[in-house]
Amino acid sequence: GGRARVQPGTVVREAASNELSETIDPMIRKHGLSYATEVQSGLPTLQTDRTKLKQILLNLLSNAIKFTHSGTVSMMARLAPW
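Read on for an overview of the structure.

## Side note on the pattern of salt bridges
Thought 1: Evaluated as defined, the whole model comprises five salt bridges.
Thought 2: When the shortest N-O distance is used, the salt bridge between Lys54 and Glu19 registers 2.8 Å. With Lys54 in helix α2 (residues 50–67) and Glu19 in helix α1 (residues 13–30), this residue pair connects regions lying 35 residues apart in the sequence.
Thought 3: With a relative accessible area of 26%, Lys54 lands in the partly exposed category.
Thought 4: Take Glu19: its relative accessible area is 24%, and that puts it in the partly exposed class.
Thought 5: Salt bridges sharing partners connect three or more residues here, namely Glu19, Arg50 and Lys54.

## Some words on the nonpolar core
Thought 1: Within the largest apolar cluster, nine residues are counted, these being Leu20, Ile24, Ile28, Leu33, Leu58, Leu61, Ile65, Val73 and Met75.
Thought 2: If you list the elements that add at least two residues to this core, you get α1, α2 and β4 (72–77).
Thought 3: Every residue in contact with Leu61, bar those within four places of it in the chain, is listed here: Leu20, Ile24, Tyr35, Val73 and Met75.

## As for the environment of Ile28
Thought 1: You can see Ile28 is positioned in helix α1.
Thought 2: Judged by relative accessible area, Ile28 falls into the buried class, the value being 4%.
Thought 3: Ignoring any residue separated from it by four or fewer positions in sequence, one finds Ile28 in contact with Leu33, Ser34, Tyr35, Ile65 and Val73.

## Some details on α2
Thought 1: Helix length check: α2, at 18 residues, gives a terminal C-alpha distance of 26 Å against a target of 26 Å (1.5 Å per residue), a fit within 8%.
Thought 2: Residues of α2 that are buried in the fold lie against α1, β2 (34–39) and β4.
Thought 3: The N-cap of α2, judged by a side-chain oxygen 3.1 Å from the amide nitrogen of Thr51 a few residues on, is Asp49.

Reading the values: rules and limits
Residues numbered from 1 in each chain as written. Predicted model: local features only at pLDDT ≥ 70, side-chain atom pairs only at ≥ 80, totals over all residues. Heavy atoms only, no water. Salt bridge = Lys/Arg side-chain N within 4 Å of Asp/Glu carboxyl O. Helix = DSSP H or I, 4+ residues; strand = E, 2+ residues; numbered from the N terminus. Buried < 20%, exposed > 50% of the residue type's maximum accessible area, 1.4 Å probe, protein only. Core = buried A, V, L, I, M, F, W, Y, C linked by side-chain atoms within 4.5 Å. Contact = heavy atoms within 4.5 Å. Expected span 1.5 Å × (residues − 1). Polar contact = N/O pair within 3.5 Å; in protein donor to acceptor, adjacent residues only side chain to side chain.

What follows is the structure, given as structure tokens:
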């Protein structure tokens, strides 16, 4: 049916963060916003579908940009404190 196949692999956080920044940069500039990222040091390597993770994060960031009228859109990656 309409199921998407998951293709797990290793995701390098820095590369993924840089790629997202490059992708959303035109949207950030168009709306006159700033973009900030914070990635906690020492995070474990992710084993996930890189394409699907990128799409999820792009959707979240696009919505943040769409509904932010001034200031900064931020993305943070850190371990949950539990």
